[in-house]
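# Close look at the chain arrangement
Letter by letter, the chains look like this.
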Amino acid sequence: FYGDLVWSRLGFSRSTAAYRNPLPGLQLSATAIAALVTDLVIAELGGLYEVHRWSGSGGSFTAVDALLGFRYWNSSASVSVDALATANYAALGLSGSRQFGVSLSNTMQWVDPLVGLRLRHQFTPHQNIMLRGDIGGFGFQSSLTWQASALYSYAWQFPGYQLVAGVGYRALGVNYSTGSGNALSAVDMVLHGPIIGAAIRF
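Here's a quick rundown of the structure. (Residues numbered from 1 in each chain as written. Predicted model: local features only at pLDDT ≥ 70, side-chain atom pairs only at ≥ 80, totals over all residues. Heavy atoms only, no water.)

## A look at the overall build of the protein
On a plain count of helices and strands, the protein comes out with 0 helices and 8 strands. In sequence order, the protein lays out its α and β elements as β-β-β-β-β-β-β-β. Relative to the compact-globule value of 17 Å for 202 residues, the protein shows a C-alpha radius of gyration of 27 Å, a clear excess of over 25%. For the protein, with 202 residues in total, the buried portion stands at 25%. Taking the contacts inside the protein whose residues are at least 6 apart along the sequence as the reference set, 59% of them involve residues at least 24 apart. (Helix = DSSP H or I, 4+ residues; strand = E, 2+ residues; numbered from the N terminus. Rg over C-alpha atoms; globule rule 2.2 N^0.38 Å. Buried < 20%, exposed > 50% of the residue type's maximum accessible area, 1.4 Å probe, protein only. Contact = heavy atoms within 4.5 Å.)

## Focus: the nonpolar core
If you look at the biggest cluster of nonpolar residues, it comprises 9 residues: Leu40, Ile42, Trp73, Met108, Trp110, Leu172, Val174, Tyr176 and Val187. The element contributing the most residues to this core is strand E7 (residues 161-178), with 3 residues. (Core = buried A, V, L, I, M, F, W, Y, C linked by side-chain atoms within 4.5 Å.)

## Things to note about the sheet that holds strand E5 (residues 127-136)
Read across the sheet, 8 strands follow the order E1-E2-E3-E4-E5-E6-E7-E8 without closing on themselves; strand pairing throughout is antiparallel. A single partner strand is all that each edge strand has here, and the edge strands are strand E1 (2-23) and strand E8 (185-201). Within this sheet the neighbouring strands show an average axis-to-axis angle of 15 degrees, counted without direction. (Pairing = 2+ DSSP bridges. Axes fitted to C-alpha atoms, helices over the stretch in contact; angles between N-to-C directions.)

## Focus: the pattern of salt bridges
A full pass over the atoms with the stated rule returns 10 salt bridges. One salt bridge connects arginine 170 with aspartate 4, and the closest N-O pair in it is separated by 2.7 Å. Separated by 166 residues along the polypeptide, arginine 170 in strand E7 and aspartate 4 in strand E1 bring together distant segments of the chain. Exposure remark for aspartate 4: the relative accessible area of 28% places this residue in the partly exposed category. A salt bridge links arginine 118 to aspartate 65; the nearest nitrogen and oxygen atoms lie 2.9 Å apart. Highlighted residues: arginine 118 in strand E4 (residues 94-124) and aspartate 65 in strand E3 (residues 61-89), separated in sequence by 53 residues. Using a relative accessible area of 2% as the deciding quantity, one classes aspartate 65 as buried. Salt bridges linked by common partners bring Glu50, Arg53, Asp65, Arg118 and Arg120 together as one network. (Salt bridge = Lys/Arg side-chain N within 4 Å of Asp/Glu carboxyl O.)

## Let's talk about the environment of alanine 34
Mapping alanine 34 onto the fold places it in strand E2 (residues 26-55). What makes alanine 34 partly exposed here is its relative accessible area of 28%. Sequence separation of alanine 34 and serine 15 is 19 residues, and the distance between their C-alpha atoms is 6.4 Å.

## Remarks on the environment of glycine 47
Following the sequence through the fold, glycine 47 ends up in strand E2. Measuring from C-alpha to C-alpha, the distance between glycine 47 and alanine 66 comes to 8.3 Å, with 19 residues separating the pair along the chain. Sequence-distant contacts of glycine 47, that is, excluding residues within four places in its chain, are made with Phe1, Tyr2, Ala66, Leu67 and Leu68.

Written as structure tokens, this is what we have:
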């Protein structure tokens, strides 16, 4: 059995200011601040079962595992805009300002079933490589979700424990939509990049 958790936050904020003097004594100014923040949580639970193993020489082997699990998604986005405009006319002693602000947010969450395979090859008791692929969704909630990863690990043996370091690459994609027309919300994306990790085995 295994569990996996991914969390990411992406966002930006930007501000701008403008000043004008269209007439003598008339001063106009405007400032605006906009911000966008997206949060993504992916939680995966599942099980693996070794279907077959081919033994080699020198402690090497190759094994194939079947995978069955569920992947939970939670995607939220929020956007805010704040603007302030002011006008001053010194000749008449007039001054005024107008402020405007808007804030919108949306959250989507769903669960996808998934199936997959994992291929493991142990070159030596210290060196391993793992290839994994899965596919899910099948129209239950999202139309498609998939994952592909490759990982190489090396282990150092010490008295009573083992230190393992790994490096690889991972890609994770999803295509999900809900609602229609003006109420349509959708996520169609692929996350990918290098991965690095370490473990201690007792």
